[in-house]
Every structure is written in structure tokens, then in C-alpha cells.
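# Descriptive analysis of the structure
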Amino acid sequence: MKIIAVIPARYASTRFPAKLMQDLGGKTVILRTYEAAVGTHLFDDVFVVTDSDLIYDEIVSQGGKAIMSIKEHESGSDRIAEAVEHLDVDIVINVQGDEPFINAEPLKEIIEVFKNDEDKKVDLASLMRKITDEDEINNPNNVKVVTDQNAFALYFSRSVIPFPRERNVGVRYMQHIGIYAFRKQALLDFYSLPMKSLEASEKLEQLRYLEFGKRIKMVETTHVGIGIDTIEDLEKARKML
């Protein structure tokens, strides 16, 4: 089974433009993320997929591997699907370009999902973590997920799910952590399918997979990624480094 990591890297971030090209201890954020992904030794190959000549040149000039997007894309899945369409791979891991401090353990866990899936019932695997703080639960920027008894996703939402009409029934609130592992065919199917109402309403691409019957296996983790979404995040990352 051939497993690769793909790092989608847009130059024009809404909240923090050009964040991936910011300096982080003498290297750009995107280069540190790429090197961290390679350094996990979990993947047969690692690629950055980008719409930016600057990002492409940054990776290639340092001996890395990058792919230029040909088309404009609405989502990371679309960008990755175009990139891997003609690559000989089985499993594709989506690594966030703004998370230079990659923890290998949760990546190992979602890779194991596919290694143990002999009947190929899993189309995607992703991560979730338990949250208990009321503000975190109610924050629409924290995407929540509910699963069935076998840990397959039933629904993702920015709203509070399930709604707490009854408080003392043992409900656990789970936040979705946006690291994905895909079977290649699931990605290619996504690429050819239209956006439907649930995805359009919530602005969550994982709902397209569910709306078209794909099965997403969720893995519980305690890992919380350290993403760089603001200048303040970048300063924190510099101190960490």
C-alpha cells in the first residue's frame, strides 16, 4: 500500500495573507511544514500542492517536491484530487500547510485505519477530540462531529450537535480535527461530484462525502495541532521554536 502526504498551500489566505511564506526561525512556514512531514518517515512521498509560483519555487529550491495547481479550486480536497489524479498511490494524507509542528502519532493512527481495513469499508479517516468547555462547544469555528457506534461520522456541523435538550445523558462533544486520510478513489469521486445544500450551508467540504454516501472513520485523539492563522499565532510559533 503506497501512502503519500499532500500539503495544499494557498498563497492568499483570508485571515493572514502570505502566512505560509512568513519567516519562522530562518525558514518559511511552508518549508518547515514540508520538512516536518518528511521527518515523520510515515510516507512514501511528500508533495506540496500550490497555486503560487513563490511557494512552488520555495519548496523546489530546497530540494523538495511540489505540484502546481492548474485549475482554481473551492476546497483542499479538490486541489489534492487534481494533484494525485495521475499518481500511483493508494492512500493520501492531507497535511495542513500552516502546522509546522507535526505530531506523528495521530498520523500513524489514521494510517492504521486503512492497514486494518481489509474489506475496504473506509473511504476516509479523520481525527476528533473531546471538548468540554462551553465556549469551545458553542464556537462555530470549532466544527463538531457525531458518530455511530463504530466511530463512522454521521454528521459534521458548526452548530452544537447533539443539541443538549437533556443534560445528563452522557453525551460527549467531539471537535473535528481537520487532518484527513483518503483512499485515492474517494478523492477522485469528490472531484467529480457537485456541491450540495449541506456543504454549501455549513461551508464544510466533508459533508459532500457524507451526502454522496462515503464512509468517514473517526479516530479519537488528544492531539491539538498548532496552526498559524494570525500574526499572533506566528509569534507564538517563533517562541515555541
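Structure: above.
Remember, it's a predicted structure, so these values are computed and weren't measured experimentally.

### Digging into helix H3 (residues 76–84)
- In terms of residue burial, H3 counts as a mostly covered element, since nine of its nine residues are buried.
- Looking at H3, one finds that the buried residues are Gly76, Ser77, Asp78, Arg79, Ile80, Ala81, Glu82, Ala83 and Val84.

### A look at the side chain of Glu58
- Among the structural elements, Glu58 can be located in helix H2 (residues 53–61).
- Here Glu58 is buried and forms no salt bridge, its nearest opposite-charge partner Lys27 lying at an N-O distance of 9.0 Å.
- Not counting chain neighbours up to four residues away, the residues in contact with Glu58 comprise Met21, Thr28, Ile30 and Leu31.

### Here's the deal with the pairing of strand S7 (residues 124–131)
- Counting buried residues in S7 gives seven out of eight residues, a clear majority hidden from the surface.
- Sheet topology places S7 next to strand S11 (residues 216–220); five bridges connect them, and they run parallel. Paired with Leu127 across the bridge in S11 is Val219.

### Description of the packing of helix H1 (residues 29–39) against H2
- Running from N to C, H1 and H2 cross one another at 45 degrees; their axes reach a closest spacing of 10 Å. Compared by their axis directions, H1 and H2 come out oblique. In this structure, H1 crosses over H2, and the sense of that crossing is right-handed. Along its contact with H1, which presents Ile30, Leu31 and Tyr34, the element H2 presents Ile55, Glu58 and Ile59.
- Classifying every residue of the contact of H1 with H2 gives five nonpolar, no polar and one charged.

### Regarding the packing of aromatic side chains
- Counted by the stated rule, this structure contains three aromatic pairs.
- A centroid spacing of 5.6 Å and a plane angle of 25 degrees characterise the contact between Tyr180 and Phe182, whose relative ring orientation is stacked. The burial state of Tyr180 is the same as that of Phe182; both residues are buried.
- Centroid distance Phe190 to Tyr209: 4.6 Å. Interplanar angle 25 degrees. Geometry classified as stacked.

### Side note on unusual backbone geometry
- A cis amide bond links Ile161 with the next residue in sequence, Pro162, at an omega value of -5 degrees.
- Looking at the secondary structure, you find Pro162 in the loop between strand S9 (153–157) and strand S10 (173–183).
- Of note, Ala151 is a non-glycine position whose phi angle comes to about 70 degrees, a positive value.
- Within the secondary structure layout, Ala151 lies in the loop between strand S8 (144–147) and S9.
- Despite not being glycine, Lys203 has its phi angle at roughly 55 degrees, a positive value.
- Following the sequence through the fold, Lys203 ends up in the loop between helix H7 (197–202) and helix H8 (206–211).

### A closer look at the environment of Gln96
- Locating Gln96 in the fold gives a position in the loop between strand S6 (91–94) and helix H4 (104–115).
- Along the backbone, Gln96 and Ala5 are 91 residues apart, and their C-alpha atoms lie at a distance of 10 Å.
- In this structure, Gln96 is in contact with Ile7, Thr33 and Gly178, ignoring residues within four places of it in sequence.

### Side note on the pairing of S9
- Relative to S9, S8 is paired through four bridges, and the arrangement is antiparallel. Residue pairing for S9: Val146 is matched across the bridge by Tyr155.
- Here S8 hands over to S9 after five residues, with Ala151 in that stretch at a positive phi of 70 degrees.

### Points about the packing of H3 against helix H6 (residues 184–192)
- Their axes nearest at 9 Å, the elements H3 and H6 cross at an angle of 115 degrees. Read as a crossing pair, H3 and H6 show a hand that is left-handed. Along its contact with H3, which presents Ser77, Asp78, Ile80, Ala81, Glu82 and Val84, the element H6 presents Lys184, Leu187, Leu188, Phe190 and Tyr191.
- Residue composition of the contact of H3 with H6, by class: seven nonpolar, one polar and three charged.

### Thoughts on the pattern of salt bridges
- Under the defined criterion, the tally for this structure stands at 11 salt bridges.
- Among the ionic pairs, Asp45 bridges to Lys65, the shortest N-O distance being 3.0 Å. Residue Asp45 is found in strand S4 (residues 45–50), and its partner Lys65 is found in the loop between H2 and strand S5 (66–68); the two are separated by 20 residues along the sequence.
- Judged by relative accessible area, which is 38%, Lys65 ranks as partly exposed.
- Residues Glu235 and Arg238 are paired through a salt bridge, measuring 2.7 Å at the closest nitrogen-oxygen approach. Of the two residues, Glu235 and Arg238 are both situated in helix H9 (residues 231–240); the distance of three residues between them amounts to about one turn of the helix.

Parameters and conventions
Residues numbered from 1 in each chain as written. Predicted model: local features only at pLDDT ≥ 70, side-chain atom pairs only at ≥ 80, totals over all residues. Heavy atoms only, no water. Buried < 20%, exposed > 50% of the residue type's maximum accessible area, 1.4 Å probe, protein only. Helix = DSSP H or I, 4+ residues; strand = E, 2+ residues; numbered from the N terminus. Lys, Arg positive; Asp, Glu negative; His and termini not counted. Salt bridge = Lys/Arg side-chain N within 4 Å of Asp/Glu carboxyl O. Contact = heavy atoms within 4.5 Å. Pairing = 2+ DSSP bridges. Axes fitted to C-alpha atoms, helices over the stretch in contact; angles between N-to-C directions. Parallel < 35°, antiparallel > 145°, perpendicular 65-115°, else oblique. Left-handed = near helix turned anticlockwise from the far one by under 90°. Nonpolar A, V, L, I, M, F, W, Y, C, P; charged D, E, K, R; others polar. Phe/Tyr/Trp six-rings, centres within 6.5 Å; stacked < 30°, edge-to-face > 60°.

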